[in-house]
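Here's the letter readout for the chains.
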Amino acid sequence: MPTVELRFSALPEHVRTARLVAAAVARRAGVDEAVLDEVRLAVGEACSRAVGLHQSHGIEAPVRVALTEDEKQFSIEVGDEAPHATVSNGSVPRVLAALDDPEAEGEDEMGLAVISGLVDDVEVSSSPDGGLIRMSWPTAPEPLPT
């Protein structure tokens, strides 16, 4: 299970690099070409969200990205170190950054909604020590030699 790990300073200009690396590794892993734009957009959204959380909380630790190639799937994990709280909205739990700014909460929810719309298999987890967005896509099986 090969893994590429990327850590970058929480600066918006590094998000593009993370998107490019994710697309290259996804292509090598066998993710369908038609899905690569979704991979780029989802990673960009997850990394932008993590950068925003780090900046709004004054966290100097790097944003973490792990790209893992498995036998039948390609997964990406984007981690932040911002404190999070889980809020229940009816029967659907939501994960929000623990921010006092209502506008920032709206941006956080919007980012998660965009990611959910782009990725079929997405998990969002959180704790007071940080959050993690895990996304995965199926890979095409290796063609048999003829």
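Residues numbered from 1 in each chain as written. Predicted model: local features only at pLDDT ≥ 70, side-chain atom pairs only at ≥ 80, totals over all residues. Heavy atoms only, no water.

Let us now look at the pattern of salt bridges. Scanning the entire structure with this criterion turns up six salt bridges. Residues Glu69 and Arg28 are paired through a salt bridge, measuring 3.4 Å at the closest nitrogen-oxygen approach. With Glu69 in strand β2 (residues 63–69) and Arg28 in helix α1 (residues 15–29), this pair connects stretches of sequence that are 41 residues apart. By relative accessible area, Glu69 is classed as buried at 19%. (Salt bridge = Lys/Arg side-chain N within 4 Å of Asp/Glu carboxyl O. Helix = DSSP H or I, 4+ residues; strand = E, 2+ residues; numbered from the N terminus. Buried < 20%, exposed > 50% of the residue type's maximum accessible area, 1.4 Å probe, protein only.)

The predicted model of the protein chain has a mean per-residue pLDDT of 84, with 79% of residues at 70 or higher. The low-confidence segment residues 87–100 (pLDDT under 50) makes 35 contacts with residues lying over four places distant or belonging to another chain. (pLDDT = per-residue confidence, 0-100. Contact = heavy atoms within 4.5 Å.)

Before going further, it helps to spend a moment on the nonpolar core. Residues Val39, Phe74, Ile76, Val78, Met135 and Trp137 are the most contacted members of the largest nonpolar core, which totals 31 residues. Put simply, the parts of the chain that give this core at least two residues each are β1 (3–8), α1, α2 (36–57), β2, β3 (73–80), α3 (102–118) and β7 (130–138). Leaving out residues up to four positions away in the same chain, Ile76 has contacts with Ala22, Val39, Val43, Val65, Ala66, Leu67, Ile133, Arg134, Met135 and Trp137. (Core = buried A, V, L, I, M, F, W, Y, C linked by side-chain atoms within 4.5 Å.)

Turning next to the pairing of strand β6 (residues 121–127). For a regular strand, side-chain orientation follows a simple rule: the groups alternate between the two sheet faces. In the sheet, β6 pairs with β7 via seven bridges, with the strands oriented antiparallel. The residue of β7 that forms the bridge with Ser125 is Leu132. Between β6 and β7, which follow one another and run antiparallel, lie two residues. (Pairing = 2+ DSSP bridges.)

For the rest of this paragraph, the subject is the sheet that holds β6. Read across the sheet, five strands follow the order β1-β2-β3-β7-β6 without closing on themselves; strand pairing throughout is antiparallel. Pairing within the sheet leaves two strands with one partner each, and these edge strands are β1 and β6. Direction aside, the axes of adjacent strands within the sheet are offset by 15° on average. Those strands touched by α2 are β1, β2, β3 and β7, and its axis lies near 15° from that of β3. (Axes fitted to C-alpha atoms, helices over the stretch in contact; angles between N-to-C directions.)

With 15 residues, α1 extends 21 Å between its outermost C-alpha atoms, agreeing within 8% with the 21 Å of an ideal straight helix rising 1.5 Å per residue. Looking only at α1, the buried set comprises Val15, Ala18, Ala22, Ala23, Val25, Ala26 and Ala29. In this structure, the buried side of α1 is in contact with β1, α2, β2 and β3. Gly30 lies just past α1 and shows a positive phi near 105°. (Expected span 1.5 Å × (residues − 1).)

The interhelical angle for the contact between α1 and α2, taken along N-to-C directions, is 145°, at an axis separation of 9 Å. Crossing of α1 over α2 shows right-handed handedness. Contacts from Val15, Ala18, Arg19, Ala22, Ala23, Ala26 and Arg27 in α1 reach Leu36, Val39, Arg40, Val43, Gly44, Cys47, Ser48 and Val51 in α2. A breakdown of the residues in the contact of α1 with α2 according to their chemical character gives 10 nonpolar, two polar and three charged. (Left-handed = near helix turned anticlockwise from the far one by under 90°. Nonpolar A, V, L, I, M, F, W, Y, C, P; charged D, E, K, R; others polar.)

Here we take up a negative patch on the surface. There is a patch of like negative charges on the surface, built from Glu38, Asp120, Asp121 and Glu123. For Glu38, the position within the fold is in helix α2. (Patch = residues over 30% accessible without salt bridge, like charges linked within 9 Å, V, L, I, M, F, W, Y side chains within 5 Å. Areas by Shrake-Rupley, 256 points an atom, 1.4 Å probe, with all protein chains shown as cover. Lys, Arg positive; Asp, Glu negative; His and termini not counted. Charge placed at Lys NZ, Arg CZ, Asp CG, Glu CD.)

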